[in-house]
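What follows is the residue order along each chain.
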Amino acid sequence: MVGLKEELLKSIWHAFTALDLDRSGKVLSHNLCTVLNVPHDPVALEEHFRDDDEGPVSNQGYMPYLNKFILEKVQGNFDKVEFNRMCWTLCAKKNLSKSPLLISDEDAFKVWVIFNFLSEDKYPLIIVPEEIEYLLKKITEAMGAGWQQEQFDHYKVALNTSREGLSAWELIDLIGSGQFSKGMDRQTVSMAINEVFNELILDVLKQGYMLKKGHKRKNWMERWFVLKPNIISYYVSEDLKDKKGDIILDGNCCVEALPDRDGKKCLFLIKCLDKTFEISASDKKKKQEWIQAIQTTVNLLRAGSPPPHKEARQKRKELRQKLLAEQEELERQMKELQAANENKQKELEAVRKQLEAAAARAAEEEKKRLQTQVELQDRFSLELEREKMVRQKMEEQVAQKSSELEQYLQRVRELEEMYKQLQEALEDEKQARQDEETVRKLQARLLEEESAKRAELEKWHLQQQQTIQMTEAEKQELENQRIIKEQALQVAMQQLKQLELERKEALEQYEEVKKKLETAANNTKSWKDKVAHHEGLIRLIEPGSKNPHLITNWGPAAFTEAELEERQKSWKGKKATSE
């Protein structure tokens, strides 16, 4: 009932502000009681409108009577269109523009009613730019035209610079001027306004012609159906004059599609608690649209939700209230910040004055400090001269100590370098000894191979001598064997020559190793003398014995006398065996 009361008050406010209540207040109250089906109370009416200085000549005087004796008794069983038309009749003549409009008076009335539905809940009533845009979009869509967002943005900017919104009469002038319906004829605009009026004010969710099957005669008749949030009414024609019945909708209702039968197509069924209605749409698209619209309405009834347009209006209003609250909060914070800023300015002014006083005191103290500083500087200058002399002496001592330290460090570095070179010389001597041992082993192997080849050669020579002494009969055969053995002897001689070459190469390697060993020994002796001269703490590793090497028929040998005797005995044994 609170929402209904707010809707009624907006229309009454227009009529109330257009009348002189000293003369017409009784007429307005009487008409309200009539159209709202409220019982008359003549005594209260005469008492309230008595002709004296305390009469209700203002909103504060009339509103208590209106609330107590009229609005609180409204039950909702009245014709909203007739109520709005009565209020329109009282206020239109005084406020409607005299300039010619592109819409009729009936269309202007519908725009006025739509304004009351979309306007803000504060007085004087205005419609904000967001709701103006919503209404113009709805009308443009109903006309089948394209919405010009850029054009409306320019209009919105111009509107916001001057005021918050439009009054009902300014909205009628805006729509009647054709500014947002250029290229459309009066009939198209009128039909669009009527469609929006039916949806927003009369809660018409869908309407149109369909065939309905009778309950008694079972015949099919064409009817004009009008779907509202809780009822489907059907009439003989779209002028709504001859109503044939209603289909009461609630959460228990359901709608189902039916297959084509009995020559009828696009059938669907509406099931209610007490009755079932069979309906035939003109085509499949209309059938689907009606089924979807009815099912949506039933779902809203089950959920207890208002019609879509009212719910959307409430959400837009809540959003604007939220933005307004945020803006007010921001303004409050800005005021608090401004007040805090002013307080800070005052505090800064007080601090500035304190700083000026402190600066004056500081200047006086600075003057005294400078005098004291001059005296201290004179005294400190003398002390500084003494400190410079002491510092100079200390620097000389430090320089002397640094020179001694540098000499000591240089000596340590030289010793470290000599130690590294000594280690390198020892490594060279060790490597030379290893090379000498390798060459010695190689020479021994070559001598053994040489002895074996010479024994084999002497054996073949003896066999050849024996072959010459054989009989003449065996001479030819032995000659062949001799040739073969001579060839083998030539091969052996070639191998002997090869061994000779390898022995010479080994001898050359030995000479090189010997030279390296002598060089390493000399270096070792030289470094030994140097180290002994500096420290006398390191004892060098001396080279081995340098006894003279034995000489064989083929050059110097690396064998001892005992080894050579053993090899001579072995060679003589092999020679005796071959003989």
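Residues numbered from 1 in each chain as written. Predicted model: local features only at pLDDT ≥ 70, side-chain atom pairs only at ≥ 80, totals over all residues. Heavy atoms only, no water.

Caption draft 1: Structural context of helix α9 (residues 168-176). Within α9, seven of the nine residues are buried, which leaves the element mostly enclosed by the surrounding structure. Those residues of α9 that sit buried are Ala168, Trp169, Leu171, Ile172, Leu174, Ile175 and Gly176. (Buried < 20%, exposed > 50% of the residue type's maximum accessible area, 1.4 Å probe, protein only. Helix = DSSP H or I, 4+ residues; strand = E, 2+ residues; numbered from the N terminus.)

Caption draft 2: Expanded view of the pattern of salt bridges. On inspection of all chains with the given rule, the structure shows 30 salt bridges. Salt-bridge contacts for Glu366 lead to Arg369; the nearest nitrogen and oxygen are separated by 2.1 Å. Of this pair, Glu366 and Arg369 both sit in helix α12 (residues 308-468), three residues apart, roughly one helical turn. Using a relative accessible area of 32% as the deciding quantity, one classes Glu366 as partly exposed. (Salt bridge = Lys/Arg side-chain N within 4 Å of Asp/Glu carboxyl O.)

Caption draft 3: Structural detail: the side chain of Ser181. Following the sequence through the fold, Ser181 ends up in the loop between α9 and α10 (186-200). The buried category is assigned to Ser181, whose relative accessible area is 13%. Discounting residues that sit within four places of it in the chain, Ser181 has contacts with Met143 and Val189. (Contact = heavy atoms within 4.5 Å.)

Caption draft 4: Region of interest: the nonpolar core. Among the nonpolar cores identified, the biggest contains 65 residues, and Leu8, Leu32, Leu36, Phe83, Trp88, Trp112 and Ile172 are the most heavily contacted of them. Ranked by residues supplied to this core, first place goes to helix α6 (residues 105-118) with nine residues. Apart from residues lying up to four places away in sequence, Phe83 is in contact with Leu8, Ser11, Ile12, Leu32, Val35, Leu36 and Phe78. In this structure, Ile232, Tyr234, Cys253 and Ile270 belong to the second largest nonpolar core, which totals 20 residues. (Core = buried A, V, L, I, M, F, W, Y, C linked by side-chain atoms within 4.5 Å.)

Caption draft 5: Up close: the sheet that holds strand β1 (residues 206-213). Pairing in this open sheet of seven strands is antiparallel, and the strands run β4-β3-β2-β1-β7-β6-β5 from one edge to the other. This sheet does not close on itself; its edge strands, each paired only once, are β4 (243-248) and β5 (254-258). Sheet twist, expressed as the average angle between the axes of neighbouring strands with direction ignored, equals 35°. Pairing of β5 with strand β6 (residues 267-271) involves five bridges; the strand directions are antiparallel. (Pairing = 2+ DSSP bridges. Axes fitted to C-alpha atoms, helices over the stretch in contact; angles between N-to-C directions.)

The values reported here are purely geometric and, on their own, carry no functional implication.
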